[in-house]
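Structural overview
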Amino acid sequence: MITTNTSSENWDLYRKVTHCLVGHTRLVLSYSGGLDSTVLLDILTRLKNNSDHFTSSPFMLRAIYVHHGISNYSDEWASHCFNQCKIRGIPFSVIHINCYNAENKQRNIEALARNLRYKKLYNRLNSKEILLTAHHMNDQVESLFLALKRGSGPSGLSGMSKNALYANKYRLLRPLLDCSREQLEMYAYKKKLVWIEDDTNTDTRFDRNFLRIKILPSIYQRWPCFNQVVARTAQLCRDQENLLNELLSESFQKLIDESDGSLLFIPLFQYSIPKRQALLRRWLLHFSMKMPSYQLINRIWKEVVLSRKDATPILQLDKYLCRRFREKLYILPVNMRCSLNRIELSWNIIHNVFILPYNLGKLIYQPLSINEHVPKNPFDLHLNINSSLNTSHDVFEKYKKVLTHCFVRSPKSDEKISIIFGNIDGLLYILGRNHGRHLKKIWQELGVPPWLRSRIPLLFYNKTLITAIGVFITHNGKIISKENTLWKISWLQDIISYKIFKNSVRYHLE
Ligand SMILES: Nc1ncnc2c1ncn2[C@@H]1O[C@H](COP(=O)(O)OP(=O)(O)OP(=O)(O)O)[C@@H](O)[C@H]1O
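Residues numbered from 1 in each chain as written. Predicted model: local features only at pLDDT ≥ 70, side-chain atom pairs only at ≥ 80, totals over all residues. Heavy atoms only, no water.

**As for the packing of helix α1 (residues 8-21) against helix α8 (residues 181-190)**
Between α1 and α8, the shortest axis-to-axis distance is 10 Å and the interhelical angle comes to 115 degrees. Put simply, α1 runs roughly perpendicular to α8. Crossing hand, α1 versus α8: left-handed. Contact residues: α1 offers Glu9, Asn10, Asp12, Leu13, Tyr14 and Lys16, while α8 offers Gln183, Leu184, Met186, Tyr187 and Lys190. Of the residues in the contact of α1 with α8, the class split is 5 nonpolar, 2 polar and 4 charged. (Axes fitted to C-alpha atoms, helices over the stretch in contact; angles between N-to-C directions. Helix = DSSP H or I, 4+ residues; strand = E, 2+ residues; numbered from the N terminus. Parallel < 35°, antiparallel > 145°, perpendicular 65-115°, else oblique. Left-handed = near helix turned anticlockwise from the far one by under 90°. Contact = heavy atoms within 4.5 Å. Nonpolar A, V, L, I, M, F, W, Y, C, P; charged D, E, K, R; others polar.)

The structure is reproduced here in structure tokens:
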């Protein structure tokens with residue numbers, strides 16, 4: 001039993017971990033085999049085996065090691081972790097990730113490994129499972145120093161949270177966050193635990209190692225309680241941030257358009273500079289971006305919002321773009337920087353499904369009898385369907401899958417079907433409007449942002465434009481009641497900005 005030989009320090013650790021776990025019964029430990037996560041593995045195993053003593057309900061525990069493929073020792077570490085779990089009877093698995101594919105060559109490998117690790121770990125969680133890491137108080141101190149260096153302000157100084165929710169669905173607990181590294185070392189020595197030392201931990205070229213090895217020891221020597229004080233400061237900053245979130249929430253909700261994540265910036269001109277900055281920062285965090293620096297917030301304001309009225313400003317933020325269209329700001333994936341080249345593809349209607357290029361999703365046509373299905377509205381849209389199919393931990397995840405439908409006349413037997421992307425010449429006559437217009441003018445009238453214009457599939461029957469799928473239908477595409485059938489065309493797409501579809505529905509009904 002734990003009770004007979006447990007020192008008061010270890011009791012403190014058990015108590016803190018138990019306290020953090022309340023209400024959670026399916027635990028997945030992110031286990032690196034290092035000292036911290038070995039201590040957590042050991043504590044969790046003990047709590048699990050004595051759950052009647054420590055916790056109100058027994059819990060399930062498994063561990064995952066992430067093989068980054070960076071160190072030459074990764075295989076040995078994986079088998080070490082396997083053995084440690086086996087000794088304790090804890091189910092164990094390994095996730096392999098590849099940080100060295102071509103796309104990633106230029107980027108900070110440490111940060112990349114970390115992002116990929118969390119993404120893969122979250123993807124492996126079953127429903128109700130939560131992730132645990134072994135971050136402790138000294139890690140928190142290092143994080144705060146790094147936030148100071150980045151200049152990310154009070155939100156950065158809030159550090160890591162003991163209980164966090166990512167992308168609104170993944171729970172991450174850090175049960176050791178209130179425990180010092182010293183406490184964990186004492187536990188490990190007393191329990192004669194076996195762990196591995198990461199060879200890169202001594203490399204002071206990495207900022208975190210530099211702080212841990214060169215800077216913080218002298219601080220701890222002079223002020224032994226320094227890490228506790230820093231942890232308290234982080235908590236105070238977090239409280240302030242939460243309060244600010246509460247106070248700004250109403251203003252923020254008025255600015256953000258949840259359907260595409262865009263931000264109305266006109267009202268920001270009336271606010272004080274700190275309020276404006278706080279709202280812009282919240283907007284970026286809405287996309288789960290890393291804490292933005294003040295400098296970045298200022299650049300968005302100066303280079304995007306305040307750029308000339310006729311300019312099309314683009315600011316690249318790592319993998320994303322910040323763009324302005326009319327009175328709104330948008331965050332977009334970086335591949336939306338340029339428009340697509342004009343292409344023309346034929347659709348053999350033996351196949352109901354047509355896979356679109358450039359990851360634009362797929363089209364599906366379905367012939368319907370006009371008697372059984374006369375749509376009141378030739379458009380129909382379903383936002384966010386299939387979000388469960390998309391398990392990637394992507395900032396655009398919640399905007400990813402959209403299904404739009406439109407209803408047009410069926411093609412005649414001598415009409416070939418094709419899909420064209422890009423601009424087309426000549427005047428177009430579309431339903432809901434009397435006069436002919438050029439395509440560019442229609443995009444403008446419908447408020448379709450420039451970066452989407454070349455990404456909307458145009459359906460042609462021979463040389464005749466029938467519909468810009470999901471956006472408008474031409475007079476040539478109108479359902480003719482004397483025909484027996486019509487076509488329902490559905491577009492399952494990944495595009496993030498579909499405000500246009502709402503506009504087009506309204507437009508058509510006028
Ligand atoms: N290879 C790994 N496999 C599984 N879990 C890991 C791995 N590396 C680290 N972890 C988990 O992450 C925690 C933090 O580890 P570490 O401080 O080395 O990571 P980091 O890359 O600096 O990331 P962070 O910014 O989250 O601290 C560990 O206690 C452990 O729970």
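**Remarks on the site of the ligand**
Close contacts around the ligand come from 13 residues, with Ser30, Val66, Arg114, Tyr118 and His135 the closest. Interatomic distance of 2.8 Å between a side-chain N/O atom of arginine 114 and an oxygen atom of the ligand. Protein contacts shield 81% of the accessible area of the ligand, which totals 610 Å² for the unbound molecule. Of all the elements in the fold, those that place two or more residues in the shell around the ligand are β2 (60-67) and α5 (109-124). Within the shell around the ligand, the residues separate by chemical class into 6 nonpolar, 5 polar and 2 charged. (Near = heavy atom within 4 Å. Polar contact = N/O pair within 3.5 Å; in protein donor to acceptor, adjacent residues only side chain to side chain. Areas by Shrake-Rupley, 256 points an atom, 1.4 Å probe, with all protein chains shown as cover.)

**Structural notes on a nonpolar patch on the surface**
A cluster of nonpolar side chains, contributed by Ile266, Phe269 and Leu306, occupies part of the molecular surface with about 290 Å² of accessible area. Exposure remark for leucine 306: the relative accessible area of 46% places this residue in the partly exposed category. (Patch = residues over 30% accessible without salt bridge, like charges linked within 9 Å, V, L, I, M, F, W, Y side chains within 5 Å. Salt bridge = Lys/Arg side-chain N within 4 Å of Asp/Glu carboxyl O. Buried < 20%, exposed > 50% of the residue type's maximum accessible area, 1.4 Å probe, protein only.)

**What to know about the packing of aromatic side chains**
A ring pair, where both rings are aromatic, is described by two values, the distance of the centres and the angle of the planes. Under the defined criterion, the tally for this structure stands at 20 aromatic pairs. Of the aromatic side chains, those joined through ring pairs into one cluster are Trp347, Phe354, Tyr365, Tyr461 and Trp487. Sitting above the plane of the tryptophan 301 ring, arginine 276 keeps its charged end 3.9 Å from the centroid. (Phe/Tyr/Trp six-rings, centres within 6.5 Å; stacked < 30°, edge-to-face > 60°. Lys NZ or Arg CZ within 6 Å of the ring centre and 35° of its normal.)

**Some details on the nonpolar core**
Of all hydrophobic cores here, the largest spans 44 residues; its most connected members are Ile419, Trp443, Leu459 and Phe472. If you count residues domain by domain, this core takes at least three from each of domain 2 (258-336) and domain 3 (343-509). Not counting the four nearest positions on each side in its chain, leucine 459 is found in contact with Trp347, Ile417, Ser418, Ile419, Thr464, Leu465, Ile466, Thr467, Ile469 and Ile489. Leu47, Ile130, Leu173 and Leu184 belong to the second-largest nonpolar core, a separate cluster that totals 36 residues. (Core = buried A, V, L, I, M, F, W, Y, C linked by side-chain atoms within 4.5 Å. Domains from an automatic or database assignment.)

**Quick look at the UniProt feature "binding site: ATP" in the chain**
Here the UniProt feature "binding site: ATP" sits at Ser32, Gly33, Gly34, Leu35, Asp36 and Ser37. Among the structural elements, serine 32 can be located in the loop between β1 (26-30) and α2 (35-49). Beyond its immediate chain neighbours, meaning those up to four positions away, serine 32 contacts Ser37, Tyr65, Cys81 and Ile196. Within the local environment of serine 32, its side chain forms a polar contact with the backbone nitrogen of glycine 34, the two atoms lying 3.2 Å apart. (UniProt positions renumbered as here; feature names shortened; annotations may be inferred.)

**Re helix α12 (residues 294-305)**
Compared with an ideal rise of 1.5 Å per residue, which puts 12 residues at 16 Å, α12 spans 16 Å between its outermost C-alpha atoms and is within 8% of the ideal. Within α12, the full set of buried residues consists of Ile297, Ile300, Trp301, Val304 and Val305. Buried residues of α12, seen end-on, are gathered within an arc of 115 degrees and therefore sit on one face of the element. Structural note: α12 exposes Gln295 and Lys302 on the side pointing more than 90 degrees away from its buried face. In this fold, the buried residues of α12 make contact with α11 (273-286), β9 (314-317), β10 (320-325) and β11 (328-333). (Expected span 1.5 Å × (residues − 1). Arc of directions from axis to C-beta.)

**A closer look at a positive patch on the surface**
A grouping of Lys119, Lys120, Arg124 and Lys319 is seen on the molecular surface, where their side chains present a positively charged patch. Locating arginine 124 in the fold gives a position in helix α5. (Lys, Arg positive; Asp, Glu negative; His and termini not counted. Charge placed at Lys NZ, Arg CZ, Asp CG, Glu CD.)

**Focus on the sheet that holds strand β7 (residues 256-257)**
Sheet architecture is open: 5 strands sit in the order β7-β8-β11-β10-β9, paired in antiparallel fashion. Strands at the two margins of the open sheet, each flanked by one partner only, are β7 and β9. One ladder, built from 2 bridges, connects strand β8 (residues 262-264) with β11; its direction is antiparallel. Within β11, the residue paired with leucine 264 across the bridge is lysine 328. Strands β7, β8, β9, β10 and β11 of the sheet are contacted by α11, whose axis makes an angle of about 30 degrees with β11. (Pairing = 2+ DSSP bridges.)

**Points about the packing of helix α6 (residues 137-150) against helix α10 (residues 226-255)**
Orientation of α6 relative to α10, taken along the N-to-C sense of each, is 65 degrees, at an axis distance of 9 Å. With respect to the hand of their crossing, α6 and α10 are arranged in left-handed fashion. Where α6 abuts α10, its residues Met137, Asn138, Gln140, Val141, Leu144 and Phe145 lie against Phe226, Asn227, Gln228, Val230, Ala231, Ala234 and Arg238. Grouping the constituent residues of the contact of α6 with α10 by class yields 8 nonpolar, 4 polar and 1 charged.

**Structural notes on the sheet that holds strand β6 (residues 170-173)**
One open sheet accounts for 6 strands, arranged β3-β2-β1-β4-β6-β5; its pairing is mixed. The sheet terminates laterally at β3 (92-96) and β5 (163-166), the two strands that pair on one side only. The average angle at which neighbouring strand axes cross in this sheet is 30 degrees, direction not considered. With 2 bridges connecting them, strand β4 (residues 130-132) and β6 associate as parallel partners. From the neighbouring strand, leucine 132 faces β6, where its bridge partner is leucine 173. Against the sheet, helix α4 (residues 74-88) contacts β2 and β3, and its axis sits at roughly 170 degrees relative to β2.

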